[in-house]
Amino acid sequence: MNHPVRRIIHIDMDAFYASVEQRDNPNLRGLPVAVGRSRERGVVAAASYEARTFGVRSAMPSVVAKRKCPNLVFVPPRFEVYRAVSNQIHAIFARYTALIQPLSLDEAYLDVTQPLLPRPYATIIAQEIRAAILAETGLTASAGISYNKFLAKLASDYRKPNGQFVIPPGAGEAFVADLPVSAFHGIGPATAARMNSLGIYTGADLRTQSLSTLAHHFGKAAAFYHGIARGEDNRPVEVNRPRKSIGKETTFERDIRLPADLHSALGNLSQAVWQASAKRTLSGRTVTLKLRYEDFTQLTRSKSLPHCVQGSAQLEEIALLLLNPLLPLTRGVRLLGVTLSSLEPTDSTATETQLSLLGSLEISNKSSQGD
């Protein structure tokens with residue numbers, strides 16, 4: 001029995017956070033805008049297209065962004081507003097399909113192989129969705145349409161902003177052939193650098209590699225890389241995709257040099273991660289420590305347990321075990337992060353007890369600080 005060719009749409013809002021700010025404040029329209037904090041350790045969360053012409057990008061340190069664009073206007077983020085707008089956008093998606101996989105507040109995959117409304121082509125659905133988003137939110141979106149998720153995401157970048165692009169069945173392999181592997185969704189900078197060191201620079205280069213060769217160098221990801229080099233991706237659109245990790249990190253106003261200060265920060269992060277996990281009735285078996293030094297060198301250390309972490313105290317204990325081999329410090333630390341992964345559902349009663357204890361602890365701490 002032949003299965004129908006999938007029709008996948010990837011919707012990506014254009015400069016979402018910055019566009020919301022420009023929509024809500026007419027004085028910002030036409031100006032280079034960065035959502036974030038204009039401080040020494042601030043980071044750009046999003047940049048308007050006017051700012052991007054100067055080379056300003058998301059995740060860029062604010063001081064670097066300001067250097068590239070001296071007239072850059074910083075606006076503090078309003079995540080509650082972005083979430084509300086995102087809910088509006090997802091309600092529009094739901095008119096056309098129940099198969100929606102959110103990737104973040106501003107992008108999602110939609111499977112419209114069998115749409116809820118009678119439309120003959122995915123391109124028409126994408127046009128209608130983008131028109132509805134503009135009419136109902138005042139914001140623009142770009143769309144990529146193809147027969148799998150990998151190609152749809154590539155296509156959505158091809159006509160940005162406020163455009164859409166189609167990669168039809170049979171055209172995927174040729175489309176990716178000349179693209180640099182660094183442009184492939186699913187291949188990060190470190191993996192792209194490893195591929196480059198092996199003489200793999202483009203999709204065509206990647207296609208020449210056998211599955212066994214890729215497995216030797218890239219392990220479990222080999223099958224995915226082997227497929228996308230040929231325009232193949234069998235991953236379905238996953239509704240209610242299970243969360244893979246819960247993490248928190250903090251960038252210090254000044255570089256941390258004393259172990260005691262790191263220990264204190266680690267305790268606060270561990271408590272925040274556990275509270276976020278407990279609210280979702282989740283725990284995890286793997287703890288990861290992330291540390292970025294003053295020279296922006298970054299490292300991660302992980303430890304997996306045979307059972308799930310039982311509370312914030314145990315989470316902090318494991319994080320400290322990962323940190324201690326890195327002491328004493330030979331250089332300042334600018335960022336510290338803790339992540340819990342390999343997540344599993346927890347007993348709801350135990351979770352409620354943990355949250356109650358956390359709440360009591362917070363009240364106790366506030367009372368102590370007020371004395």
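All values derive from a computational prediction rather than experimental measurement.

Thoughts on the layout of surface pockets
Put simply, the largest pocket is a space of about 1400 Å³. Looking at the largest pocket, it is lined by 34 residues, and the ones nearest its centre are Phe 79, Arg 243, Gly 247, Lys 248 and Glu 249. Counting only elements with at least two residues in the lining of the largest pocket, the list comes to strand 3 (44–47), helix 4 (79–93), strand 5 (100–104), strand 9 (245–256) and strand 12 (333–345). Ranked by residues supplied to the lining of the largest pocket, first place goes to strand 9 with 7 residues. A per-class count over the lining of the largest pocket returns 14 nonpolar, 8 polar and 12 charged.

Structural notes on the sheet that holds strand 1 (residues 8–13)
Strand order in the open sheet formed by 5 strands is 5-6-1-7-8, with mixed pairing between adjacent strands. Each end of this open sheet is capped by a strand with a single partner; those strands are strand 5 and strand 8 (164–166). Taken over all neighbouring pairs, the strand axes of this sheet differ in orientation by 15° on average, direction set aside. Both strand 1 and strand 7 (residues 141–146) contribute to a ladder of 6 bridges, which runs antiparallel. Bridge pairing in strand 7 links Ile 8 to Ser 146. Helix 5 (residues 122–137) rests against strand 1, strand 6 (107–111), strand 7 and strand 8 of the sheet, and its axis sits at about 165° to strand 7.

Some words on empty space enclosed by the protein
Summary: where empty space remains is shown by rolling a probe the size of a single water molecule over the atoms. Per the stated rule, a full pass over the model turns up 1 cavity of 30 Å³ or more. By volume, the largest cavity is sized at about 30 Å³. Around the largest cavity, the lining residues are Ile 11, Met 13, Ile 89, His 90, Phe 93, Leu 105, Asp 106, Glu 107 and Ala 108. For the lining of the largest cavity, the element with the highest residue contribution is helix 4, accounting for 3 residues. Tallied by class, the residues present in the lining of the largest cavity amount to 6 nonpolar, 1 polar and 2 charged.

Quick look at helix 13 (residues 312–323)
Side chains of residues three or four places apart in an α-helix project in the same direction, reflecting 3.6 residues per turn. With 12 residues, helix 13 extends 16 Å from end C-alpha to end C-alpha; this agrees with the ideal 16 Å at 1.5 Å per step. Taken as a whole, helix 13 has its buried residues at Ser 312, Leu 315, Ile 318, Ala 319, Leu 322 and Leu 323. Buried residues in helix 13, looked at end-on, bunch into an arc of 145°, giving them a common side.

Things to note about the pattern of salt bridges
Here the structure, examined in full by the defined rule, presents 14 salt bridges. Among the ionic pairs, Glu 173 bridges to Arg 207, the shortest N-O distance being 3.2 Å. Placement of Glu 173 in helix 7 (residues 172–177) and of Arg 207 in helix 9 (residues 203–207) is noted, with a sequence separation of 34 residues between them. Salt-bridge contacts for Glu 344 lead to Arg 285; the nearest nitrogen and oxygen are separated by 3.1 Å. In this pair, Glu 344 is assigned in strand 12 and Arg 285 in strand 10 (residues 282–293), connecting sequence segments 59 residues apart. What makes Glu 344 partly exposed here is its relative accessible area of 33%. In this structure Arg 285 comes out as partly exposed when scored by relative accessible area, which is 29%.

About the criteria used
Residues numbered from 1 in each chain as written. Predicted model: local features only at pLDDT ≥ 70, side-chain atom pairs only at ≥ 80, totals over all residues. Heavy atoms only, no water. 1 Å grid on protein atoms, 1.4 Å probe; cavity = no way out; pocket = protein on both sides within 12 Å on 5 of 7 lines; lining within 4 Å. Points joined across faces, edges and corners; volume = space filled by probe spheres on them. Helix = DSSP H or I, 4+ residues; strand = E, 2+ residues; numbered from the N terminus. Nonpolar A, V, L, I, M, F, W, Y, C, P; charged D, E, K, R; others polar. Pairing = 2+ DSSP bridges. Axes fitted to C-alpha atoms, helices over the stretch in contact; angles between N-to-C directions. Contact = heavy atoms within 4.5 Å. Expected span 1.5 Å × (residues − 1). Buried < 20%, exposed > 50% of the residue type's maximum accessible area, 1.4 Å probe, protein only. Arc of directions from axis to C-beta. Salt bridge = Lys/Arg side-chain N within 4 Å of Asp/Glu carboxyl O.

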